[in-house]
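# Overview (structure and organization)
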Amino acid sequence: MLHEKKYAEAAALAKTIIAGNKYSLWANYGGNFYKPDQNSSTEIMFSVKYLQPNLLHQDVAIAVSLQRWKGEQGTQDLINEYEAIDGKPIATSTVYDPAKPFEKRDPRMRQTFFFAGDTKAQGWPFTGDLAVGTPGKDSWTVGFYPVKKWLDPAQVNPDYGAIDDNDFVLLRYADILLMHAEAENEANGPAAALASINLVRQRAGMPALASGASQSQLRDLIRHERRVEFAMEGQRYFDLRRWGIAEQKLNGFVQNPLAPTIKAKYEAKYDLWPIPQTEIDRNAPVLTQNPGY
């Protein structure tokens, strides 16, 4: 419904789910992404279930691809998106200290990524000469940030052949709340949208948004909230396309500020993918190709 801009209908359906009281936000944000919290979280609505010893991530476990190989890493642009703990952007916050950029920030930032200097106390899983998180070592690309979300904190020195059974969470109640906030704001304005977004922020340990924002201002705040709440959960790309700002945000995007000449390419036609020619031929002349292909 949100993709089709049916905002009133989306708001009503989300409100029905909220009023049903079947789900609620889990107090431990990070626990939604590993066992044992995943077994009892009241926030997880739909997930792909794993259970040792019969169902597990074999051979190349999540811990290997994220921790040892660091196949996915966060950008500096994403890290900058996390607010200071006072609920203000780092550019305007009085508690943010550029000399200590990873302190006094939205708690979700450290629950989602590792930072230089992290040790066992921050969940860093390695011992020996890798006991301190160091950019440039062990597949950590300088200028990016290794992922912490999805990783079992009990794992130590994960390597090829490690085993884990984390569930892949596809829908959380936090998503329902932020979908409700978005739909309400678009259909009726900010008044009925604030409560839902503030539940998500308060669970994270962030200040509630004050009333008084315009519809446009709250739209931007909701988009911010989705980016930091669902970082590394596969949502952002589809959100950008749904909002019609993928080209604006992605074309020319510098992923690593240390390599400013390497930029992403995104064209407007990418909002729709090409239809296979076999399907066009099979349904000719009714089915035509999407624009630009």
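This is a predicted model, so every value here is computed, not measured.

## So, the overall build of the protein
- In terms of regular secondary structure, the protein is built from eleven helices and four strands.
- Taken over C-alpha atoms, the radius of gyration comes to 21 Å for the protein, in line with the 19 Å a tight globule of 293 residues would show.
- Its C-alpha atoms give the protein principal-axis dimensions of about 60 × 55 × 45 Å.
- Here the protein, with 293 residues, has 42% of them falling under the buried criterion.

## Brief notes about the packing of aromatic side chains
- Overall, the coordinates contain 13 aromatic pairs when judged by the stated rule.
- With a centroid separation of 5.8 Å and 80° between ring planes, the pair formed by tyrosine 50 and phenylalanine 168 is classed as edge-to-face. In this pair, tyrosine 50 sits in the loop between strand E1 (44–48) and helix H3 (62–68) while phenylalanine 168 sits in strand E4 (residues 168–172), placing the two residues 118 residues apart along the sequence.
- Assessed through its relative accessible area of 33%, phenylalanine 168 is described here as partly exposed.
- Their ring planes at 70° and their centres at 5.1 Å tell us that tyrosine 237 and phenylalanine 238 sit as a pair that is edge-to-face.
- Assessed through its relative accessible area of 29%, tyrosine 237 is described here as partly exposed.
- Here the aromatic residues Tyr29, Phe33, Tyr50, Trp150 and Phe168 are joined through ring pairs into a cluster of three or more.

## Brief notes about the packing of helix H7 (residues 194–204) against helix H8 (residues 215–229)
- For the pair H7 and H8, the least separation of the axes is 11 Å and the interaxial angle reads 35°. Of the two elements, H7 crosses H8, and the hand of that crossing is left-handed. Residues Leu194, Ile197, Val200, Arg201 and Arg203 of H7 form the contact with H8, whose participating residues are Leu218, Leu221, Ile222, His224, Glu225 and Glu229.
- Looking at side-chain class alone, the contact of H7 with H8 contains six nonpolar, one polar and four charged residues.

## Quick word on the nonpolar core
- In this structure, Leu66, Ile79, Tyr82, Phe113, Phe115 and Trp150 are the most contacted members of the largest nonpolar core, which totals 23 residues.
- If you list the elements that add at least two residues to this core, you get H3 and helix H4 (76–81).
- Sequence-distant contacts of tyrosine 82, that is, excluding residues within four places in its chain, are made with Ile90, Arg105, Asp106, Arg108, Met109, Thr112, Phe113, Val228 and Ala231.
- Membership of the second largest hydrophobic core comes to 16 residues, among which are Leu25, Ile176, Leu218 and Ile222.

## Let's talk about empty space enclosed by the protein
- Scanning the model with the defined rule gives one cavity of 30 Å³ or more in all.
- In this structure, the largest cavity occupies an estimated 40 Å³ of space.
- Taken together, Trp124, Leu130, Val132, Gly133, Thr134, Lys137 and Asp138 make up the full set of residues lining the largest cavity.
- The residue inventory of the lining of the largest cavity, partitioned by class, reads three nonpolar, two polar and two charged.

## Considering the environment of asparagine 198
- Mapped onto the elements of the fold, asparagine 198 is located in helix H7.
- Along the primary structure asparagine 198 and leucine 209 are separated by eleven residues, whereas in three dimensions their C-alpha atoms are 6.3 Å apart.
- The contacts of asparagine 198, once residues within four sequence positions are left out, are Ala208 and Leu209.
- Of the polar contacts made by the side chain of asparagine 198, one reaches the backbone nitrogen of leucine 209; its length is 2.6 Å.

Rules and cut-offs
- Residues numbered from 1 in each chain as written.
- Predicted model: local features only at pLDDT ≥ 70, side-chain atom pairs only at ≥ 80, totals over all residues.
- Heavy atoms only, no water.
- Helix = DSSP H or I, 4+ residues; strand = E, 2+ residues; numbered from the N terminus.
- Rg over C-alpha atoms; globule rule 2.2 N^0.38 Å.
- Buried < 20%, exposed > 50% of the residue type's maximum accessible area, 1.4 Å probe, protein only.
- Phe/Tyr/Trp six-rings, centres within 6.5 Å; stacked < 30°, edge-to-face > 60°.
- Axes fitted to C-alpha atoms, helices over the stretch in contact; angles between N-to-C directions.
- Left-handed = near helix turned anticlockwise from the far one by under 90°.
- Contact = heavy atoms within 4.5 Å.
- Nonpolar A, V, L, I, M, F, W, Y, C, P; charged D, E, K, R; others polar.
- Core = buried A, V, L, I, M, F, W, Y, C linked by side-chain atoms within 4.5 Å.
- 1 Å grid on protein atoms, 1.4 Å probe; cavity = no way out; pocket = protein on both sides within 12 Å on 5 of 7 lines; lining within 4 Å.
- Points joined across faces, edges and corners; volume = space filled by probe spheres on them.
- Polar contact = N/O pair within 3.5 Å; in protein donor to acceptor, adjacent residues only side chain to side chain.

Purely geometric stuff here, so don't read any function into it on its own.
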